[in-house]
Each structure stands twice: as structure tokens, then as C-alpha cells.
Amino acid sequence: MAKAKVAVFISGSGTNMAALLYASRAQDCPYEIVLVLSNDPAAKGLALAAAEGVATFALPHKGIPRAEHDALMEAQVLASGARYIALAGYMRILSPEFVARWEGRMLNIHPSLLPLYKGLHTHERAIAAGDSHGGCTVHLVTPELDDGPILGQTPVAILPGDTPEALAARVLFAEHQLYSRCLERLVTRETSPEWLTAQVRARAMALPEADEVSSHGMACFGVTKGKKFAYVSADHHGDRRVALLVKISGIEEQAQLIENDPDRFYRPAYFGDGWIAIRLDTGAVDWDDIAAWLQRSWMAIAPRRLAAMLEF
């Protein structure tokens, strides 16, 4: 399988960028760094990335409105083919619009054990508070500063007589270890059967009176004590695919869907003409579309009293 493409934003020396880059050179690493960007053309990390054969881009932010600067940077990211962004010492607050467009696909590393000590001077604050440990956190980026779901943390002991500089140096070692591992987990979760099934489950079980059972080793969703409207197939009969199986109108619709997009749709074995399989393991799932397919399939089998509960 092709490696996930990642763009890295930096503002300075880029040591975390370098850690991500060198980790990516391992044969079994699931991601590659395709672009390093900075708001400072003099950032030392740009020269390192260029020397390692990675494309770079720099655009000073002074005099450019925040959202416009973000959009110009983003255009370069999209042109590179990157599907993920890793912030590695990028000292700019990003616009809410930009953050929203990369929800779930942009991560950051912060030098504290969040939610403790958001913002700057984290090591000084941890020492002043008498904490036993500082550390670092990798999290998904949300509009709120240093917030968002935590992907991983590493505690680092605070030694007697520690200075902020000494603690920062040890935390940096931990950052270099943690960031690549969290990035690996993030880019592989979109093809993980467990994660994909959980995404389907959340949407299927939100429908009225939905229930879940296991059928032939597959997660199966139906109306309570009634017919089934969806299955999640994970390597079923050794086909090496993860897919959502939902009801459709019949063989003509099935054939049309497959003809129009054979990489996404296929005829599920043993399910007949009234079902279609929708690939979930391509790494680019439109979950709103999946929710719509689930709702349509639910409507096809739901009793009339339940169908009236959904508004269209």
C-alpha cells in the first residue's frame, strides 16, 4: 500500500520535522514527508529538508491577513498531494477556517502534559508548580489553542534543581520518539477495520431503534428484532477489503454504481442483487455520504411507524 503523504509546518530549526522525516525512511513506516513549509524563509529546518531531498516552501506572514496566508500555504499542501499536516514548532495560530478544513488530519506536538500548561513557557510553569513530571503531548488540532483529542503523551521526570532549559532538552528527546509513533497511528487508522467499523457503528446506531449483532463474523446492524440494513465486511472470505454493505433497489442500480466507480463499489459475495459494497479502506471516506447510505438502507427495511421519525 502507498505511504500516506504528509506536509510539515515549521518556524525554526525543525528538529521534530527531522525526527518525523528520518522515521519515515524506515521501510515499514506508513507515511512519507512530501513538503516542509514555513512562515520564515530563514528557518533552519528548510535547509535540512532541502538537503534531504524534500520539497520546501516559505511565505512570510507579515502584511498578509491570517486566513489568506493560511490559504496560500494550504494551496502548496494540496499541490503536493499531502493528506495530513503535522505542525512541528509552527509558531502561528491558524485560522478557524483552515483548521476546520483539516479536521482529523492535522496534528501538533506540545511540550507539556495537556491539558496542563497550554501556550508558552510550559517547562517553567511545571517546575514552579512543583510537578513531579513534565512531558509532551501529541494531539489533533482544533480551533482552540493546544486543545483537541490527545493521540499520545510521554511524561518526563523533573529532577531536583532542574532548570527549564535542562527539562526542555530531555522533553525534546521524548518529543522525537512520540511524534512519529502518533503520526503512524493516525495515518493507518483510516484503513484499520476496528476504526472503520467504529465509524459506521456510531452512524448506524444513531438511527431509530437500531441494534447490532455479529453475523458470519461481521458487524451487522438492523432494526431491533427485525431486518438488517447494514454490514461491515472486513477481509470477508479473504478479499482483503473493508467495506460497508447496504441495501439498494436492485441489479440495475448495482451495475450502474459499479460501472461508474469500480474502485469504490463492488458486488458483495453471497448477498445478491439487492446489496452494494462500498469500500471504506481507501483512506478517503466521505462520512456524511456513508451516513446518507445508512439512512437510505435503514429506510428500506424500517417499519412505517419508524420511517416517519426521520425528516427529509
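Structure: see above.
Asks: Where do I start with the packing of aromatic side chains in this structure?
Replies: In this description, a pair of aromatic rings is defined by centroid distance and the angle of the planes. All told, the structure shown has seven aromatic pairs when counted by the stated rule. Pairing tyrosine 231 with phenylalanine 271 gives two aromatic rings, centres 5.0 Å apart and planes at 75°, and the pair type is edge-to-face. Here tyrosine 231 is found in strand 10 (residues 228-234), whereas its partner phenylalanine 271 is found in the loop between strand 12 (265-266) and strand 13 (275-279), with 40 residues between them in sequence. This pair shows no difference in class: tyrosine 231 is buried, exactly as phenylalanine 271 is. Taken together, the ring pairs in this structure connect Phe9, Tyr90 and Phe98 into an aromatic cluster.

Asks: Sorry if this is basic, but what is going on with the sheet that holds strand 3 (residues 55-58) here?
Replies: Pairing between sheet strands relies on hydrogen bonds along the backbone, with the strands arranged either parallel or antiparallel. Strand order in this open sheet of seven strands is 3-2-1-4-5-6-7, and the pairing throughout is mixed. The two strands at the open ends of the sheet, each matched to only one other strand, are strand 3 and strand 7 (150-157). Averaged over all adjacent pairs, the angle separating strand axes in this sheet is 20°, with direction ignored. Helix 2 (residues 44-51) rests against strand 1 (4-10), strand 2 (31-38) and strand 3 of the sheet, and its axis sits at about 155° to strand 3.

Asks: Would you take a moment to explain the pairing of strand 10 for this structure?
Replies: Both faces of the sheet carry side chains from a regular strand, because those side chains alternate between them. Where burial is concerned, most of strand 10 is hidden: five out of the seven residues are buried. Note that strand 9 (residues 218-223) and strand 10 share four bridges and pair antiparallel. Its bridge partner being in strand 10, cysteine 220 is matched across the sheet by tyrosine 231. Linkage of strand 9 to strand 10, two consecutive antiparallel strands, is achieved through a turn of four residues, within which lysine 225 is found at a positive phi near 55°. With five bridges joining them, strand 10 and strand 11 (residues 242-247) adopt antiparallel strand pairing. Across the sheet, serine 233 pairs through a bridge with alanine 243, a residue of strand 11.

Asks: Honestly, the pattern of salt bridges in this entry has me stumped. Any pointers?
Replies: It is possible for side chains bearing opposite charge to pair when their charged atoms get close. Across all of its chains, the model carries 12 salt bridges by this definition. For glutamate 144, the salt bridge is made with lysine 118, and the minimal N-O distance between the two is 3.4 Å. In this pair, glutamate 144 is assigned in the loop between strand 6 (133-140) and strand 7 and lysine 118 in the loop between strand 5 (106-110) and helix 5 (122-128), connecting sequence segments 26 residues apart. Of the residues examined, glutamate 144 reaches a relative accessible area of 47% and is grouped as partly exposed. The exposure class of lysine 118 is partly exposed, given its relative accessible area of 28%. In this structure, aspartate 281 engages arginine 279 in a salt bridge whose closest nitrogen and oxygen atoms are separated by 2.6 Å. We classify arginine 279 as partly exposed; its relative accessible area is 22%. One connected set of salt bridges, linked through shared partners, spans Lys118, Glu144 and Asp147.

Asks: What am I meant to see in the nonpolar core here?
Replies: In globular proteins that are soluble, nonpolar side chains generally tend to be buried together. The biggest cluster of nonpolar side chains holds 36 residues, and the ones touching the most others in it are Val8, Tyr31, Ile33 and Val36. Contributions of two or more residues to this core are made by strand 1, helix 1 (15-24), strand 2, helix 2, strand 4 (84-87), strand 5, strand 6 and helix 6 (164-189). Here this core takes nine residues from helix 6, the largest share from any one element. When residues no more than four places from it in sequence are discounted, the contact partners of valine 36 are Val8, Ile10, Met17, Leu46, Ala49, Val54, Ala55, Thr56 and Phe57. Counting residues in each nonpolar core, the second largest holds 28 residues, with Ala204, Ala230, Ile276 and Leu294 among its members.

Definitions and cut-offs
- Residues numbered from 1 in each chain as written.
- Predicted model: local features only at pLDDT ≥ 70, side-chain atom pairs only at ≥ 80, totals over all residues.
- Heavy atoms only, no water.
- Phe/Tyr/Trp six-rings, centres within 6.5 Å; stacked < 30°, edge-to-face > 60°.
- Helix = DSSP H or I, 4+ residues; strand = E, 2+ residues; numbered from the N terminus.
- Buried < 20%, exposed > 50% of the residue type's maximum accessible area, 1.4 Å probe, protein only.
- Pairing = 2+ DSSP bridges.
- Axes fitted to C-alpha atoms, helices over the stretch in contact; angles between N-to-C directions.
- Contact = heavy atoms within 4.5 Å.
- Salt bridge = Lys/Arg side-chain N within 4 Å of Asp/Glu carboxyl O.
- Core = buried A, V, L, I, M, F, W, Y, C linked by side-chain atoms within 4.5 Å.

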